[in-house]
Amino acid sequence: GAVVSQHPSWVICKSGTSVKIECRSLDFQATTMFWYRQFPKQSLMLMATSNEGSKATYEQGVEKDKFLINHASLTLSTLTVTSAHPEDSSFYICSARDRARPYEQYFGPGTRLTVT
Amino acid sequence: KQEVTQIPAALSVPEGENLVLNCSFTDSAIYNLQWFRQDPGKGLTSLLLIQSSQREQTSGRLNASLDKSSGRSTLYIAASQPGDSATYLCAVPSGGGATNKLIFGTGTLLAVQP
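Residues numbered from 1 in each chain as written. Chains lettered and ligands numbered in written order. Predicted model: local features only at pLDDT ≥ 70, side-chain atom pairs only at ≥ 80, totals over all residues. Heavy atoms only, no water.

Side note on the confidence of the model for chain A
Regions with low pLDDT carry predicted coordinates that are not meant to be interpreted in detail.
Part 1 of the reasoning: Residue-level pLDDT values for chain A average 92, and 99% of them are 70 or greater.
Part 2 of the reasoning: Element-level mean pLDDT values for chain A span from 82 in strand β10 (residues 101-107) of chain A up to 97 in strand β11 (residues 111-115) of chain A. (pLDDT = per-residue confidence, 0-100. Helix = DSSP H or I, 4+ residues; strand = E, 2+ residues; numbered from the N terminus.)

Some remarks on the environment of A:Ala30
Part 1 of the reasoning: As for its placement among the helices and strands, A:Ala30 is situated in strand β4 (residues 30-38).
Part 2 of the reasoning: If we skip the residues at most four places from it in the chain, A:Ala30 touches A:Ser25, A:His71, A:Leu74, A:Ala96 and A:Arg97. (Contact = heavy atoms within 4.5 Å.)

Side note on the sheet that holds strand β1 (residues 4-7) of chain B
All names here are of chain B.
Part 1 of the reasoning: Read across the sheet, five strands follow the order β1-β3-β8-β7-β6 without closing on themselves; strand pairing throughout is antiparallel. Both edges of this open sheet fall to β1 and β6 (56-59), since each of them pairs with a single strand only. Strand-to-strand twist in this sheet, taken as the mean axis angle between neighbours without regard to direction, amounts to 15°.
Part 2 of the reasoning: Bridging between strand β3 (residues 19-25) and strand β8 (residues 72-77) involves six bridges; their strand directions are antiparallel. Opposite Leu21, over in β8, you have Leu75 as the bridge partner. (Pairing = 2+ DSSP bridges. Axes fitted to C-alpha atoms, helices over the stretch in contact; angles between N-to-C directions.)

As for the interface of chain A and chain B
Part 1 of the reasoning: At the junction of the two partners, chain A supplies 18 residues and chain B supplies 19 residues.
Part 2 of the reasoning: Of the roughly 1,400 Å² buried where chain A meets chain B, counting both sides, 55% is carbon and sulfur surface.
Part 3 of the reasoning: Looking only at chain A, the three residues that lose the most surface to chain B are A:Ser43, A:Tyr103 and A:Phe107, adding up to 36% of its buried area.
Part 4 of the reasoning: Across the salt bridge formed by B:Lys101 and A:Glu59, the nearest N and O atoms sit 2.5 Å from each other.
Part 5 of the reasoning: Of all the secondary structure elements, the ones that give two or more residues to the side of chain A that touches chain B are β4, β9 (90-98) and β10 of chain A.
Part 6 of the reasoning: Of the residues forming the side of chain A that touches chain B, the biggest block, five residues, is contributed by β10(A).
Part 7 of the reasoning: By residue class, the composition of the side of chain A that touches chain B is 10 nonpolar, four polar and four charged. (Buried area = accessible area lost by both parts, 1.4 Å probe. Salt bridge = Lys/Arg side-chain N within 4 Å of Asp/Glu carboxyl O. Nonpolar A, V, L, I, M, F, W, Y, C, P; charged D, E, K, R; others polar.)

Brief notes about the packing of aromatic side chains
Part 1 of the reasoning: Scanning all chains against the criterion turns up eight aromatic pairs over all chains.
Part 2 of the reasoning: A ring pair is formed by A:Tyr36 and B:Phe104, whose centres lie 5.5 Å apart and whose planes are at 90°; its orientation type is edge-to-face. Residue A:Tyr36 is located in strand β4, and its partner B:Phe104 is located in strand β10 (residues 102-104); the two belong to separate chains. The exposure classification of A:Tyr36 matches that of B:Phe104, with both residues buried.
Part 3 of the reasoning: Look at A:Phe107 and B:Phe104: their rings are 5.9 Å apart centre to centre, the planes differ by 80°, and that puts the pair in the edge-to-face class. Of the two residues, A:Phe107 sits in strand β10 while B:Phe104 sits in strand β10, which places them in two different chains. Here A:Phe107 matches B:Phe104 in class, with each residue buried.
Part 4 of the reasoning: Here the aromatic cluster, defined as three or more aromatic residues joined through ring pairs, consists of A:Phe34, A:Tyr36, A:Phe107, B:Phe36 and B:Phe104. (Phe/Tyr/Trp six-rings, centres within 6.5 Å; stacked < 30°, edge-to-face > 60°. Buried < 20%, exposed > 50% of the residue type's maximum accessible area, 1.4 Å probe, protein only.)

Quick word on the pattern of salt bridges
Residues and elements named next belong to chain A.
Part 1 of the reasoning: This model, assessed by the stated rule, comprises five salt bridges over all chains.
Part 2 of the reasoning: Here Glu22 makes a salt bridge to Arg24, at a shortest N to O gap of 3.4 Å.
Part 3 of the reasoning: Here Glu22 falls in the partly exposed class, since its relative accessible area comes to 23%.
Part 4 of the reasoning: You can call Arg24 partly exposed: its relative accessible area is 34%.

Section: unusual backbone geometry
Part 1 of the reasoning: Cis rather than trans, the peptide bond between A:His7 and A:Pro8 has omega equal to 0°.
Part 2 of the reasoning: Position of A:Pro8 among the secondary structure elements: in the loop between β1 (4-7) and β2 (10-13).
Part 3 of the reasoning: Of the consecutive residues B:Ile7 and B:Pro8, the connecting peptide bond is found in the cis state with omega at 0°.
Part 4 of the reasoning: Within the element layout of this structure, B:Pro8 appears in the loop between β1 and β2 (10-14).
Part 5 of the reasoning: Positive phi values are uncommon outside glycine, yet A:Ser83 reaches one of about 45°.

So this is what it looks like as structure tokens:
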């Protein structure tokens, strides 16, 4: 149980285009989902916290108009990188908090974004 | 502001050795501490979660200890195997709450040589 999936697992896009990444909780309801970014050989940095049915809370320094987050249901959150640039190339990981077990987070497998 | 650091940053050991990974946090008012494993290019796998009231947790060859007062946790891996090679991360919820966002440590890259 407690499986989180991400789609796509990797994506290459051209500079200036937008990319959408999906995060799904497969066997549980997630009232809260988190989006992290990880640069090579660095730890995870939280970008935003997404609560179902409400606006996401962004961490300091993260542009909310550039990284659009939607959490429309209890099993799906999406991150859209708008007008992507090469510096947005990174590994994006989502995690989800089980409504029934709120003290743990379950992580997705990550999405590798490369902007050319 | 909570800060989490891990030492060493990298570690290489021969197969069969016992080893210890260290995690330090600046604010001792934590609700729990979690250890994760991350394989290259992959997501995170939760290994152990220690509640603040606990001193240690064990799972197979892994044993995690927690000393809140000194702001430290250790992950002990017994009889290491090449399959243990990965990056190990510790994390604590921010602000002392149980369901707050996680603050991750800097990670330890472990290589177990066959």
